[in-house]
Structures are given as structure tokens and as C-alpha cells.
Amino acid sequence: MSLEKLGQYPVDGAEARSRGALVKVAREDRLNLIFGQDHPILIEMCVSNDYMHVGEIVIPVGGVGPRASEPNSHEGDAIFYVLEGPATFYVADGDQTFHIRDGEAFFLPADVSYQCLNYGSRPIRMVFTIAPGL
């Protein structure tokens, strides 16, 4: 599976809504993407359509200093829910840092530049939703 499926995974959203399609996406059926060249992380997409993008992010440990995601921003609002962390979000706008623990969520408005850092000794796992634009 590849980037060409973004925006229409597991089915085209408009088509699914018009025919009332119900789709189960098992863990093994997720669209797995490696995001980032300098700071690669795993993104497992459950849904990616014209209304929303939902998936799980895994940020590994190790390397020189903390592991981090690439600096990023989204056209749509985003929310991240930490399953296993803690996760540290650095928001370039305003030079702010937020520490998010297991069971906590972090909301980012559209077009806010951020990076997620892993200072811990185990991978970070987060569920995210972005609506609508990646």
C-alpha cells in the first residue's frame, strides 16, 4: 500500500456515504506509512478520506538525543490521544512545550507547526484524528 491511497482509504468517502458502506479495518489492514526522512516514524492509517484522517503514530526510542517526528502542520484541526507515552509536543509558534501523559489528549488547531519528541525509554503510541486536511 502506498501514499496514492491517502484520501481514499479504505474506501472513497463520498462513495461510501452514498451507498451506506460499513467497513471494518483490522490492525493488519491498516495503511502503514513511514513518514519523515530525517526523523522517520510509523503511521498506521485506519481511515483517510475527504472528511477525516484517523490512525496511530509510533515514535521509536534511541539515537542521539530524543527521537522526534518531522516538523509538521496540517490544513485541518488535529487531536492526538496518547496510548503509551509520555509524549512531548514542541510548538514552534510561541516556542511552547507540552508534556502529554498516557490517557491525555492534545488539540492542535489547523496550520500550527509542531514536532513530537520521545524522551522516554519505550516507543510512544498515539491515536490521532485530523479533520479534514492532512
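A short tour of the structure in this document, coming up. (Residues numbered from 1 in each chain as written. Predicted model: local features only at pLDDT ≥ 70, side-chain atom pairs only at ≥ 80, totals over all residues. Heavy atoms only, no water.)

Now for unusual backbone geometry. Excluding glycine, residues mostly carry a negative phi; peptide bonds, for their part, are mostly trans. For the peptide bond that leads from Tyr9 to Pro10, omega is 0 degrees, which places it in the cis range. Within the secondary structure layout, Pro10 lies in the segment before helix 1 (13-19). Ala131 connects to Pro132 through a cis peptide bond whose omega is -15 degrees. Mapped onto the elements, Pro132 comes out in the segment after strand 10 (124-131). (Helix = DSSP H or I, 4+ residues; strand = E, 2+ residues; numbered from the N terminus.)

This paragraph deals with the pattern of salt bridges. Counted according to the given criterion, the structure contains ten salt bridges. The salt bridge involving Glu44 is made with Arg30; its shortest N-O contact spans 2.6 Å. Linking Glu44 in strand 2 (residues 41-48) with Arg30 in the loop between helix 1 and strand 1 (31-35), this pair joins segments that are 14 residues apart in sequence. Exposure remark for Arg30: the relative accessible area of 13% places this residue in the buried category. Where Glu104 meets Arg101, a salt bridge forms, and the shortest distance between an N and an O atom there is 3.0 Å. In this structure Glu104 comes out as partly exposed when scored by relative accessible area, which is 27%. Residue class for Arg101 comes out exposed when judged on its relative accessible area of 55%. (Salt bridge = Lys/Arg side-chain N within 4 Å of Asp/Glu carboxyl O. Buried < 20%, exposed > 50% of the residue type's maximum accessible area, 1.4 Å probe, protein only.)

Mapped onto the secondary structure, Asp50 falls in the loop between strand 2 and strand 3 (53-59). Residue Asp50 is classed as partly exposed on the basis of its relative accessible area of 41%. Taking the C-alpha atoms as reference points, Asp50 and Leu117, 67 residues apart in sequence, are found 29 Å from one another. Apart from residues no more than four positions distant in its own chain, Asp50 is found in contact with Gly7, Gly13, Ala14, Arg17 and Pro132. Polar contacts involving the side chain of Asp50 include one to the side chain of Arg17, which spans 2.7 Å. (Contact = heavy atoms within 4.5 Å. Polar contact = N/O pair within 3.5 Å; in protein donor to acceptor, adjacent residues only side chain to side chain.)

Purely geometric numbers; function is a separate question.
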